[in-house]
Amino acid sequence: DTKPIPGGTNVLVEFEDGIAWVHLNRPEKRNAMSIELAREMNQVLDALELDDRCGVIVLTGKGEAFSAGMDLQGFFRASDAVSDVERHRAYRETRAWQWRTLMFYAKPTIAMVNGWCFGGAFTPLICCDLAITDQDAVFGLSEINWGIIPGGVVSKAISTLMGDREALYYVMTGEKFDGRRAKELGLVNDAVPAAELKDRTRALAQNLLGKNPTTLRQARMAYKYAREMDWELAAEYLTAKGDQTTFVDREKGREKGLTQFLDEKTFKPGHGNYKR
Ligand code: ACO
């Protein structure tokens with residue numbers, strides 16, 4: 001499909017049956033993330049949110065890397081060289097896609113880690129809803145190795161998925177670990193051999209494409225907001241969010257589910273989706 005979307009240089013999008021494969025596209029730089037890449041990614045993600053060809057996003061990297069982290073030249077040196085206001089803008093544009101946009105994206109997101117994953121790359125990895133990795137991919141919080149802290153929002157992001165002992169161990173040692181270990185640490189849902197990575201990810205994406213997209217969006221948001229609340233607030237919020245879901249769901253999923261289970265006896269929710 002050739003309908004143009006923004007981007008094309010640092011970010012490459014391929015559409016396949018409802019899946020938008022969004023590639024960090026600087027393989028010769030191991031997909032290190034520059035200021036230009038952030039600008040392009042913001043445009044691409046904005047466009048895909050309203051693009052019917054995209055029901056699920058898979059974020060991955062071209063070539064040997066998922067991403068070798070922030071670009072030491074094209075992000076750090078480049079932003080050191082400009083005014084403080086421009087520097088802050090570069091940080092804001094990076095945080096925008098890596099954290100806020102991905103975390104609260106209207107469509108489901110899967111990170112597919114196909115190789116090196118260092119430093120700043122942990123933020124988009126963690127802010128995607130789900131993640132599958134090549135079991136031999138290499139991860140590392142390498143910041144300490146070159147004299148910086150895991151900044152941006154990396155330290156915050158890892159604290160949402162990793163235990164304190166493990167997070168601090170890797171923050172302090174900068175030691176590398178593989179995809180199998182990433183699975184043990186709770187950073188990914190699954191670690192598979194490289195040859196199976198794309199099929200496993202595609203199968204997961206297709207599963208999500210079979211769900212009612214409105215309910216799926218509401219369920220993802222409900223979880224992400226509720227985890228920040230105390231129990232009282234969460235109970236009130238989730239009840240209201242449930243009511244809102246019924247209101248905004250044009251597909252009337254709840255009604256169909258009730259009818260098919262209780263009246264028509266044609267489906268059992270324990271075994272899979274209602275007939276859409
Ligand atoms: N920033 C800028 N350039 C990078 C980065 C990066 N993060 N990572 C790789 N590159 C560049 C290399 O400088 C090299 O450029 P050149 O061909 O112009 O010399 C090119 O990408 C290829 O990289 P190599 O190092 O030659 O590839 P190799 O496969 O030997 O090693 C590895 C890959 C291990 C990922 C190595 O490139 C590396 O250590 N990169 C930095 C990883 C890192 O610590 N990232 C920053 C984390 S901190 C943060 O993100 C906040």
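Residues numbered from 1 in each chain as written. Predicted model: local features only at pLDDT ≥ 70, side-chain atom pairs only at ≥ 80, totals over all residues. Heavy atoms only, no water.

S.K.: Explanation requested: the environment of N207 in the structure shown.
M.R.: Its location among the elements puts N207 in helix α8 (residues 197-209). For the pair N207 and I126, spaced 81 residues apart in sequence, the C-alpha to C-alpha distance is 21 Å. (Helix = DSSP H or I, 4+ residues; strand = E, 2+ residues; numbered from the N terminus.)

S.K.: I would appreciate a short explanation of the site of the ligand in the present structure.
M.R.: Among the 19 residues in the neighbourhood of the ligand, the closest are listed as K29, A68, M70, G120 and S142. Contact distances for the ligand include 3.4 Å between an oxygen atom and a backbone N or O atom of E28. Contacts to the ligand include S142, whose side-chain N or O atom sits 2.6 Å from an oxygen atom. Isolated, the ligand exposes 920 Å² of accessible area, and the fraction of that covered by the protein chains is 61%. Elements with a contribution of two residues or more to the shell around the ligand: α2 (72-80) and β6 (116-118). (Near = heavy atom within 4 Å. Polar contact = N/O pair within 3.5 Å; in protein donor to acceptor, adjacent residues only side chain to side chain. Areas by Shrake-Rupley, 256 points an atom, 1.4 Å probe, with all protein chains shown as cover.)

S.K.: Just checking my understanding: could you explain the layout of surface pockets for this structure?
M.R.: Gaps between atoms show up when a probe of the same size as a water molecule is rolled over them. Estimated volume of the largest pocket: approximately 600 Å³. Looking at the largest pocket, it is lined by 27 residues, and the ones nearest its centre are M103, I126, C128, K224 and R227. Put simply, the parts of the chain that give the lining of the largest pocket at least two residues each are α3 (84-103), α4 (122-127), β7 (130-134), α5 (154-161) and α9 (213-226). Per-class residue counts for the lining of the largest pocket are 17 nonpolar, four polar and six charged. A volume near 370 Å³ is recorded for the second largest pocket. Lining the second largest pocket are 23 residues, with M70, F76, G120, E143 and I148 positioned closest to its centre. Secondary structure elements with two or more residues in the lining of the second largest pocket: α2 and α3. Among the elements that line the lining of the second largest pocket, the one with the most residues is α3, at four residues. Residues that form the lining of the second largest pocket fall into these classes: twelve nonpolar, nine polar and two charged. (1 Å grid on protein atoms, 1.4 Å probe; cavity = no way out; pocket = protein on both sides within 12 Å on 5 of 7 lines; lining within 4 Å. Points joined across faces, edges and corners; volume = space filled by probe spheres on them. Nonpolar A, V, L, I, M, F, W, Y, C, P; charged D, E, K, R; others polar.)

S.K.: Can you help me understand the nonpolar core in this one?
M.R.: A general trend in soluble globular proteins is that nonpolar side chains are found buried together. Of all hydrophobic cores here, the largest spans 50 residues; its most connected members are W97, F122 and L125. Take this core: its biggest share by element is seven residues, from helix α1 (residues 35-49). If we ignore the near neighbours within four places in the chain, the residues touching F122 are C117, F139, G140, L141, V154, I158, F177 and L187. Within the second largest apolar cluster, 13 residues are counted, among which are W21, V56, V192 and L204. (Core = buried A, V, L, I, M, F, W, Y, C linked by side-chain atoms within 4.5 Å. Buried < 20%, exposed > 50% of the residue type's maximum accessible area, 1.4 Å probe, protein only. Contact = heavy atoms within 4.5 Å.)

S.K.: Help me out: how do you make sense of the sheet that holds β7 in this one?
M.R.: Sheet strands associate in pairs through backbone hydrogen bonding, adopting either a parallel or an antiparallel arrangement. Read across the sheet, six strands follow the order β1-β2-β3-β5-β7-β10 without closing on themselves; strand pairing throughout is mixed. With partners counted over all chains shown, the strands left at the sheet margins are β1 (11-16) and β10 (190-192), one partner each. Adjacent strand axes in the sheet meet at a mean angle of 20° when their direction is disregarded. With six bridges connecting them, β1 and strand β2 (residues 19-24) associate as antiparallel partners. Among the inter-strand pairings, E16 is bridged to a residue of β2, identified as I19. (Pairing = 2+ DSSP bridges. Axes fitted to C-alpha atoms, helices over the stretch in contact; angles between N-to-C directions.)

S.K.: What exactly am I supposed to notice about the sheet that holds strand β4 (residues 65-67) here?
M.R.: The sheet built from four strands is open, its strands ordered β4-β6-β8-β9 with mixed pairing. At either end of the open sheet lies a strand with only one pairing partner, and these are β4 and β9 (176-178). Geometrically, the sheet is characterised by an average inter-axis angle of 20° between neighbouring strands, direction not taken into account. Relative to strand β8 (residues 138-140), β6 runs parallel, the two sharing two bridges. Directly across from C117, in β8, lies its bridge partner F139.

S.K.: Would you mind going over the environment of G69 with me for this structure?
M.R.: As for its placement among the helices and strands, G69 is situated in the loop between β4 and α2. By relative accessible area, G69 is classed as buried at 2%. In the structure, G69 is positioned 74 residues away from E143 in sequence and 9.5 Å away in space, judged by C-alpha atoms.

S.K.: What is the right way to look at the packing of α2 against α3 in this model?
M.R.: Relative orientation and spacing of two packed helices are given, respectively, by the angle between their axes and the distance between those axes. Where α2 contacts α3, the two axes come as close as 8 Å, and the packing angle between them is 150°. As the angle between them shows, α2 and α3 are arranged roughly antiparallel. At the point where α2 passes α3, the crossing takes the left-handed sense. Where α2 abuts α3, its residues F75, F76, S79 and D80 lie against R87, A90, Y91 and T94. (Parallel < 35°, antiparallel > 145°, perpendicular 65-115°, else oblique. Left-handed = near helix turned anticlockwise from the far one by under 90°.)

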